[in-house]
Amino acid sequence: MEKTIVAISTANGNGGIGIIRLSGKNTFDIIKKIFKPKNSSEEIKGYSMKYGNIINPKNNEIIDEVLVSYFIAPKSYTTENMCEINSHGGMIVEKKILEICLENGAELAQPGEFTKRAFLNGRIDLSQAEGIIDLINAKSDMEAKESLGQLKGFLSSQIKEIEQKLLDIMVDIEVTIDYPEYDVDEVTNNKANESLQTILNLLEKLEKSFDRGKILKDGIKTVILGKPNAGKSSLLNALLKEDRAIVSDIAGTTRDTIEEYINLDGIALKLIDTAGIRDTENTIEKIGVEKSKKLAESADLIIAIIDNSQNLDDDDRRILEIIKDKKAVIVLNKVDIKYKNEENERDIQKLCKPIVKMSAKNETGLDNLYTEIIRLFEINDISNGNEVLITNERHKKQIKKAKENIEKAIETVKSQMPVDIVTIYITQALEDLGEITGQNVSENIINEIFSKFCLGK
Ligand code: GDP
């Protein structure tokens, strides 16, 4: 990392200010050549700013009036010497300053290279770096909050805790191997078994949190299913009329790709195939049970709507069959029409799904629907931010691998195999976890992760 890198860190386009960032050993030398402070004291202080002009040293032409902030190693984003030039916004000025930096000894940074340096220099670990990408790309408050947690190292410290527990077991086992005369195999085994079980539980909890983390990131994919005339489009319209609804029309497309979201306490309910619902010809016979099943499969949540003013018929039963093993809320619609059918209710209750009575037409009962969904997805817990959530596919994969190795370790302990075999699996699990924080991770993975960053970060 001998190179001193430079990049424009603010977004493309015209803005109030632009920031050109430098990092590396020669940062201050380069700045000295191209920056003439108004108050030309030589002293450089960390976390300070100087006001002056950027000039082209070749002909002393003034390029812009700027503020330069100084960060002295190791107290900077990358842990190297850094400067940030605050110029006027606008691509021409920013590009010109960039060129002058390049002409005077800096090299153009790769996307994510500043953060990569922070990682390679040990200031942050890999999962924290990934938290930074997620924070930049966050689409909702909740997601931003979670990314910030990851950036602060909440996930890392949980992983480190698990690693420490694994190391403790290893030490116990080593002692047994080194001093066989004590013959404490059984004691070690019992103890190892207990600790491994605790670790397995922790890993399982983390793995499970991915589903909730995913919801936070992508929203709850929701499908409304119901036979013709059950009230699907009335429900959809009622939902979308609320303050909570956000309709995002993806540029230049037909109705099919309109994405409709409802905000449930910071989590997005993403309604899918809404165009299909609005098409009045779209009945379950017509779209077919297969298509409904497919939609249901891809959904995180199904709202099954039943016309409660009639007896359950085959169509209704087919829908109830589809939702049997899915996260679903059953809406008994049209309760404004007086009709009481005990048999209906009994059949529906058998499914043990939350049931909401409403009138889509009169828009009553919507709040109960929201309450049930919030309960079903434990959204309040997510919103509390009390729990470490996995939001990254890569992390989930590593946790799963580690979990499987711990399961094998537990089996080995239980089957009274020589205790040193257990260490093979524990070592493997440690390696799996190490890939999350980046202790042992291949260069390819590192490069892939940082290539997702934007330039100048
Ligand atoms: P879809 O075919 O499932 O989309 O059903 P629609 O939303 O088009 O509704 C079918 C018919 O039922 C329409 O005439 C609606 O006005 C009526 N409807 C829908 N919801 C209610 C309700 O809660 N109460 C009453 N009385 N009628 C409703």
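Residues numbered from 1 in each chain as written. Predicted model: local features only at pLDDT ≥ 70, side-chain atom pairs only at ≥ 80, totals over all residues. Heavy atoms only, no water.

1. Structural notes on the sheet that holds strand E7 (residues 107-108)
Stated formally: By definition, two strands form a pair when at least two bridges between them are found by DSSP. Segments assigned H or I by DSSP are reported as helices when at least four residues long, segments assigned E as strands when at least two residues long, and all are numbered from the N terminus. Contacts: residue pairs with any heavy atoms within 4.5 Å of one another. Note on method: axes are straight lines fitted to C-alpha atoms, helices fitted across the in-contact stretch only, with angles between N-to-C directions ranging 0 to 180 degrees.
Pairing is mixed in the open sheet, where 7 strands are placed in the order E3-E4-E5-E6-E2-E1-E7. Strands with a single pairing partner mark the edges of an open sheet, and in this sheet they are strand E3 (35-37) and E7. Sheet topology note: the strand E4 (residues 48-56)/strand E5 (residues 61-71) ladder contains 9 bridges and is antiparallel. Following the sheet pairing, Tyr 51 is matched in E5 by Leu 67. The sheet contacts of helix H2 (residues 91-103) involve strand E1 (5-8), strand E2 (17-23), E4, E5, strand E6 (82-88) and E7, and relative to E1 the element is tilted by about 175 degrees. Running at roughly 140 degrees to E1, helix H3 (residues 113-120) makes contact with E1, E2, E6 and E7 of the sheet.

2. A word on the environment of Thr 371
Convention followed: Using a 1.4 Å probe on the protein chains alone, a residue whose accessible area is under 20% of its type maximum counts as buried, one over 50% counts as exposed, and one in between counts as partly exposed.
Following the sequence through the fold, Thr 371 ends up in helix H13 (residues 366-376). Using a relative accessible area of 38% as the deciding quantity, one classes Thr 371 as partly exposed. When the C-alpha positions of Thr 371 and Val 356 are compared, they lie 9.7 Å apart, and in sequence the two are 15 residues distant.

3. Notes on the site of the ligand
Note the cut-off: By convention in this text, a residue qualifies as near a molecule or strand provided that one of its non-hydrogen atoms is within 4 Å of it. Within 3.5 Å is the distance limit for a polar contact, defined as a pair of N or O atoms, with the added protein rule that one can donate a hydrogen and the other accept it, and that residues adjacent in sequence qualify only through two side-chain atoms. All accessible areas in this document rest on Shrake-Rupley with a 1.4 Å probe, and a residue is counted as covered only by the protein chains that are shown. Gly falls in the polar group here, along with every residue not listed as nonpolar (Ala, Val, Leu, Ile, Met, Phe, Trp, Tyr, Cys, Pro) or charged (Asp, Glu, Lys, Arg).
For the ligand, the set of nearby residues contains 15 residues, the closest of which are Asn 229, Lys 232, Ser 233, Ser 234 and Asp 336. In the environment of the ligand, an oxygen atom lies 3.0 Å from a nitrogen or oxygen atom belonging to the side chain of Ser 359. Here Lys 361 contributes a backbone N or O atom positioned 3.3 Å from an oxygen atom of the ligand. In isolation the ligand offers 570 Å² of accessible surface; the protein chains occlude 76% of this area. Per-element accounting of the shell around the ligand gives the leading share, 3 residues, to helix H8 (residues 232-241). Here the shell around the ligand is composed, by residue class, of 4 nonpolar, 6 polar and 5 charged.

Purely spatial values, then, with no claim about function.
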